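In case you want the letters, here they are:
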Amino acid sequence: MTMENEQQGMQQDQVAQQDVMGQLKKIRSSLRALQDAVILLNDDDSLEWWNQAAEDLLLLQSNDKGKCIFDFITVPEFRQYYQSMTKPNDGVHMASWRDPKRYLKCELTPFGDEKLLIIYDVTRLHHLEQMRRDFVANVSHELRTPLTVMMGYLENFSGQPDMPPHWQRGFELMTQQTARMNRIVNDLLLLSRIEIEETHELHYIDMTKLLTHIYDDAQAYNTEYNHSIHLQIDTYDGLYGSEMYLNSALSNLVINAIKYTPKGGNITISWARTSDGCQFSVEDDGIGIEPQHIARLTERFYRIDKGRSRATGGTGLGLAIVKHVLYQYDANLQIESTEGKGSTFSAVFPISHVRTAAPL
Ligand code: ADP
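Conventions and cut-offs
Residues numbered from 1 in each chain as written. Predicted model: local features only at pLDDT ≥ 70, side-chain atom pairs only at ≥ 80, totals over all residues. Heavy atoms only, no water. UniProt positions renumbered as here; feature names shortened; annotations may be inferred. Helix = DSSP H or I, 4+ residues; strand = E, 2+ residues; numbered from the N terminus. Rg over C-alpha atoms; globule rule 2.2 N^0.38 Å. Buried < 20%, exposed > 50% of the residue type's maximum accessible area, 1.4 Å probe, protein only. Contact = heavy atoms within 4.5 Å. Areas by Shrake-Rupley, 256 points an atom, 1.4 Å probe, with all protein chains shown as cover. Lys, Arg positive; Asp, Glu negative; His and termini not counted. Charge placed at Lys NZ, Arg CZ, Asp CG, Glu CD. Pairing = 2+ DSSP bridges. Near = heavy atom within 4 Å. Polar contact = N/O pair within 3.5 Å; in protein donor to acceptor, adjacent residues only side chain to side chain. Salt bridge = Lys/Arg side-chain N within 4 Å of Asp/Glu carboxyl O. Axes fitted to C-alpha atoms, helices over the stretch in contact; angles between N-to-C directions. Parallel < 35°, antiparallel > 145°, perpendicular 65-115°, else oblique. Left-handed = near helix turned anticlockwise from the far one by under 90°. Nonpolar A, V, L, I, M, F, W, Y, C, P; charged D, E, K, R; others polar. Domains from an automatic or database assignment.

An unreviewed UniProt entry lists the chain under the name histidine kinase, with Psychrobacter coccoides given as the organism. Word for word, the UniProt comment on the chain under Subcellular location (unreviewed entry) is "Cell membrane". Recorded in UniProt under Catalytic activity (unreviewed entry), the annotation for the chain is "ATP + protein L-histidine = ADP + protein N-phospho-L-histidine."

### Overview of the overall build of the chain
Each helix and strand in the chain was counted, giving 10 helices and 13 strands. Compactness check: the chain gives a C-alpha radius of gyration of 28 Å against a globular reference of 21 Å for 360 residues, more than 25% above the reference. Principal-axis analysis of the C-alpha atoms gives the chain an extent of 110 × 50 × 45 Å. Counting over 360 residues, the chain shows a buried share of 38%. Considering only contacts within the chain whose residues lie at least 6 apart along the sequence, 61% involve residues at least 24 apart. Surface exposure of the chain reaches about 21,800 Å², of which carbon and sulfur atoms provide 52%. Counting 34 positive and 48 negative side-chain charges, the chain places the averaged centre of each group 6 Å from the other.

### Digging into the sheet that holds strand β8 (residues 238-241)
Overall, antiparallel pairing links the 3 strands, which are arranged β6-β8-β13 in an open sheet. This sheet does not close on itself; its edge strands, each paired only once, are β6 (203-205) and β13 (354-355). Examined bridge by bridge, β6 and β8 share 3 bridges and lie antiparallel to one another. By the bridge assignment for β8, H203 is matched with G241.

### Points about the site of the ligand
Of all residues adjacent to the ligand, which total 21 residues, the nearest are N256, Y260, S309, T315 and L319. Separating an oxygen atom of the ligand from a backbone N or O atom of T315 is a distance of 2.8 Å. At a separation of 3.3 Å, an oxygen atom of the ligand approaches a polar backbone atom of G318. Starting from 530 Å² of accessible surface for the ligand in isolation, the protein chains cover 97%.

### Focus on the pattern of salt bridges
One pass over the structure, following the stated rule, counts 12 salt bridges. For E195, the salt bridge goes to R300, with nearest N and O atoms at 2.9 Å. Of the two residues, E195 sits in helix α5 (residues 165-196) while R300 sits in the loop between α8 (291-294) and α9 (306-311), which places them 105 residues apart along the sequence. Taking the relative accessible area as the measure of exposure, E195 reaches 7% and is therefore buried. Residue D237 pairs with R273 through a salt bridge whose shortest N-O separation is 2.4 Å. Of the two residues, D237 sits in the loop between β7 (228-233) and β8 while R273 sits in strand β9 (residues 266-273), which places them 36 residues apart along the sequence. Under the relative-accessibility criterion, R273 is labelled partly exposed at 37%.

### Regarding the packing of α5 against helix α10 (residues 318-328)
As a packed pair, α5 and α10 sit with axes 10 Å apart at the nearest point and diverge in direction by 20 degrees. By the angle class used here, α5 and α10 are roughly parallel. For the element pair α5 and α10, the recorded crossing hand is left-handed. Between α5, through D187, L190, L191, I194 and E195, and α10, the contact on the second element is made entirely by A320, I321, H324, V325 and Q328. Its residues assigned to classes, the contact of α5 with α10 comprises 6 nonpolar, 2 polar and 2 charged.

### Some words on the domain arrangement of the chain
Think of interface size as the accessible area that goes away when the parts come together; that is how it is often given. Assigned domains within the chain: domain 1 (34-121), domain 2 (124-198) and domain 3 (201-360). Domain 1 and domain 3 are separated by 37 Å when their C-alpha centres are compared.

### Things to note about unusual backbone geometry
Unlike most non-glycine residues, D45 shows phi in positive territory, near 70 degrees. Mapped onto the secondary structure, D45 falls in the loop between β1 (37-41) and β2 (47-50). Owing to a relative accessible area of 19%, D45 belongs among the buried residues under this scheme. Unlike most non-glycine residues, D330 shows phi in positive territory, near 55 degrees. On the secondary structure map, D330 appears in the loop between α10 and β11 (333-338).

This is the structure we're talking about:
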């Protein structure tokens, strides 16, 4: 290589380096201008870099570089999220430690050897969400009394010998639809309660007992379907949580397996230990689900076939209830399905919620 070429190469390198530096500067100044707090953390959880919004929120000063993030954010939920990272994509929501009327969302993302912490102000979103919850809970609650009165009268009228025959069909439809409305109102109220009571007392749940109870109820529901239902319990391990809500969630999955399987099918309910915790699953050889529906099934009122869901007494809220209940156990609903072949709905409960059975 000639001297001239070498000089040209060096100049090109310099230009490229200046370009990178220029871009880095631009990135930093845009991050600095962001309304959300952005903090770069070293792998020992110490502060490396932050923007203006982070400085204002955490009252940071230039000599705080190298100090531990937990010296500035002392909220237990944050520490728990940071250390376990069980819900990395959802982040953690919490009331601001400086102003309890403000709500924050922290999201941590691995960034090479470092971590990027972004803190969003979600106060407005939080209030809107709260208004939505209150509205749904209030409407459901208000509908309860008129519905109870209507159902009471309908029951009194049923079997009246002097009812004109041309009223009969209308009367049957009224009875069916009020019963349906009652199921929807009850499911909405259950959903509201689960959402509101995010942290309730944890009780020991004997899963063998609970699943046997769910299995007995399933057999009673099964009379018109005539499926073979199997209960397979491979561990005596139990859980810590709220039995009432867990019962609703797991029963929903079992009843769905019965409803969405043509008569004479096979259903297996199982409970087993895995390397990560304990797994509950319900497997059926029913109608199955086309792949494009799977991700949306836990949305409220999402039904693949509305007619079928109604005919079997569905409200379209069952899987939304399941998702919310499992969330309280840090468990996710997994759905595997092949259209025409069947489905498996399962959830792994992490060790933190498992109570290991004493050895026999
Ligand atoms: P629904 O009250 O309609 O049963 P869910 O929320 O429990 O409401 O379920 C939502 C939809 O998911 C159902 O309408 C049905 O289309 C589908 N689904 C749920 N479980 C199964 C299953 N085991 N097999 C096939 N489809 C199912």
